[in-house]
Amino acid sequence: MNSEPDHDPLQRFSVTEEAAGERLDAFLAARVEGWSRARLQRLIEDGEVLVNGSAAKPSYKLRDDDEIELELTSSPTTAFVPENLPIEIVYEDEELVVVNKPAGMVVHPAGGNESGTLANALAFHFQKLSQAGGAARPGIVHRLDKGTSGLMVVAKTESAHEELADQFRARAVFKSYAALVHGQVEKEIGEIDQPIARDPRNRTRMAVVRGGRAALSLYHARRRFDRFTLLDVELKTGRTHQIRVHLAWLRHPVVGDEVYGDGRDKTVADPWVRSQIEKLGRQFLHAQQLVFRHPHTHEALRFSAPLPTELQALLDVIASV
């Protein structure tokens, strides 16, 4: 999502009287070349589409003189190729797969990242995957940032994809992340209920913006250090970069976050710790727990993934100084 497509990613539309009453997703599907209605719906749900400066739903009924701003952060690929890349499989059955994505791997092809993605790897390792998200997103139900590691569920069948997507939309999926942040977070338990949208001053970033899409993150302090706090963060919504944006808004940015960190990594007092954060080369954010209902049996499935070795090693360094 951070790479630049080879076309202007920002498009604008003015709604005429003839188009008034159309659904937002249908309106865009008729005008954005190469994008399916399903892909545009996901873009709208991710907050990449603004109507009169505010986020909207795919079902929003357009009005005369509405102004639409569309951020095409990824472009449809025309040459998707399965690749023999290693992936860690946590669970598999006939309907779904749960994987532990490493940091540094993009989830699906986008402008500038046409290969080496999780989607390329999945297409190689599994003969049967849902195509509901399009040919270049086999089985992909939800996403993690490139720099975030951890658990993801992948759908093998179309029915499983639909059921899992419904659970995510209904906020029925439990998602917990480990996040190491700068500073001592004051509260042991807290919540951040702040809307998120494209940063009006920098369109490549997200920000807490009045009129943005509702976003809710819950947190509690798992472990405290002199100048850092290890948090468990539960996502109640799934906005783009939500945890990183919310914690930066709280003035406790995620360690290793070059986009939202506000330069805090470079101000760490201890030179050894500072060098180890620089060496880490990723943000300290890991999707550690995932709980959802099986799309066929409706049994509650619970998965956990321990901290990757590089994150645990950084904690050990911080604890030793």
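As the structure is a computational prediction, the values presented were derived from the model and not from experiment.

Draft legend 1. Seen up close, the pairing of strand β9 (residues 189–193). Residues G190 and I192 of β9 are buried on one face, while the alternating residues I189, E191 and D193, pointing to the opposite face, are not. Bridge analysis of β9 against strand β12 (residues 216–224) gives five bridges, and the strand direction is antiparallel. By the bridge assignment, D193 is partnered in β12 with L216.

Draft legend 2. Molecular detail of a negative patch on the surface. On the surface, a cluster of negative charge is made up of E17, E18, D64, D65 and E67. Inspection of the secondary structure puts D64 in the loop between β3 (54–55) and β4 (67–71).

Draft legend 3. Structural view of the side chain of D232. Among the structural elements, D232 can be located in strand β13 (residues 228–235). In this structure D232 comes out as buried when scored by relative accessible area, which is 12%. A polar contact of 2.9 Å, which involves the side chain of D232, links it to the side chain of Q288. Residues within four places of D232 in sequence aside, it is in contact with S176, Y177, L218, Y219, H220, R222 and Q288.

Draft legend 4. Structural context of the packing of aromatic side chains. Overall, the coordinates contain three aromatic pairs when judged by the stated rule. Judged by centre distance (6.0 Å) and plane angle (90°), the rings of F13 and F27 are edge-to-face. Remark: F27 occurs in helix α1 (residues 24–29) and F13 occurs in strand β1 (residues 10–14); sequence separation between them is 14 residues. Comparing F13 with F27, the two get one shared label, buried. Look at Y91 and F303: their rings are 5.3 Å apart centre to centre, the planes differ by 50°, and that puts the pair in the tilted class.

Draft legend 5. Structural detail: the environment of V259. Turning to its location among the elements, V259 is positioned in the loop between α5 (242–249) and α6 (271–280). In sequence terms V259 and I318 are 59 residues apart; their C-alpha atoms lie 22 Å from each other. Once residues lying within four places of it in the same chain are set aside, the contact partners of V259 are R205 and R244.

Draft legend 6. Seen up close, the packing of α6 against helix α7 (residues 309–320). Running from N to C, α6 and α7 point in directions that differ by 175°, and their axes come no closer than 10 Å. For the element pair α6 / α7, the angle class is roughly antiparallel. When α6 is examined against α7, the residues W272, V273, Q276, I277 and L280 are found in contact with a partner set consisting of E310, L311, L314, V317 and I318. Among the residues making up the contact of α6 with α7, the classes are represented as eight nonpolar, one polar and one charged.

Draft legend 7. Geometry of the pattern of salt bridges. For the structure shown, the criterion picks out 14 salt bridges. Here K156 and E92 are joined by a salt bridge, their closest N and O atoms 2.7 Å apart. Of this pair, K156 sits in the loop between β7 (149–155) and α4 (158–169) while E92 sits in strand β5 (residues 88–92), and the two are 64 residues apart along the sequence. Accessibility expressed as a relative area gives 11% for K156, which makes it buried. With a shortest N-O distance of 2.8 Å, R244 and D257 are connected by a salt bridge. Of this pair, R244 sits in helix α5 while D257 sits in the loop between α5 and α6, placing them 13 residues apart in sequence. For the residue pair R244 and D257, the accessibility class agrees, reading buried in each case.

Draft legend 8. Spatial organisation of the confidence of the model for the chain. Averaged over all residues, the pLDDT of the chain is 90; the fraction at 70 or higher stands at 93%. Predicted confidence for residues 1–7 stays below pLDDT 50, and this span has 16 contacts to residues more than four positions away or in other chains.

Draft legend 9. Focus on the side chain of H294. The topology assignment puts H294 in the loop between β14 (285–293) and β15 (300–304). For H294, a relative accessible area of 6% puts it in the buried group. At 2.7 Å, the side chain of H294 and the side chain of D93 are in polar contact. Polar contacts involving the side chain of H294 include one to the main-chain amide nitrogen of T297, which spans 3.2 Å.

What counts and what doesn't
Residues numbered from 1 in each chain as written. Predicted model: local features only at pLDDT ≥ 70, side-chain atom pairs only at ≥ 80, totals over all residues. Heavy atoms only, no water. Buried < 20%, exposed > 50% of the residue type's maximum accessible area, 1.4 Å probe, protein only. Helix = DSSP H or I, 4+ residues; strand = E, 2+ residues; numbered from the N terminus. Pairing = 2+ DSSP bridges. Patch = residues over 30% accessible without salt bridge, like charges linked within 9 Å, V, L, I, M, F, W, Y side chains within 5 Å. Areas by Shrake-Rupley, 256 points an atom, 1.4 Å probe, with all protein chains shown as cover. Salt bridge = Lys/Arg side-chain N within 4 Å of Asp/Glu carboxyl O. Lys, Arg positive; Asp, Glu negative; His and termini not counted. Charge placed at Lys NZ, Arg CZ, Asp CG, Glu CD. Polar contact = N/O pair within 3.5 Å; in protein donor to acceptor, adjacent residues only side chain to side chain. Contact = heavy atoms within 4.5 Å. Phe/Tyr/Trp six-rings, centres within 6.5 Å; stacked < 30°, edge-to-face > 60°. Axes fitted to C-alpha atoms, helices over the stretch in contact; angles between N-to-C directions. Parallel < 35°, antiparallel > 145°, perpendicular 65-115°, else oblique. Nonpolar A, V, L, I, M, F, W, Y, C, P; charged D, E, K, R; others polar. pLDDT = per-residue confidence, 0-100.

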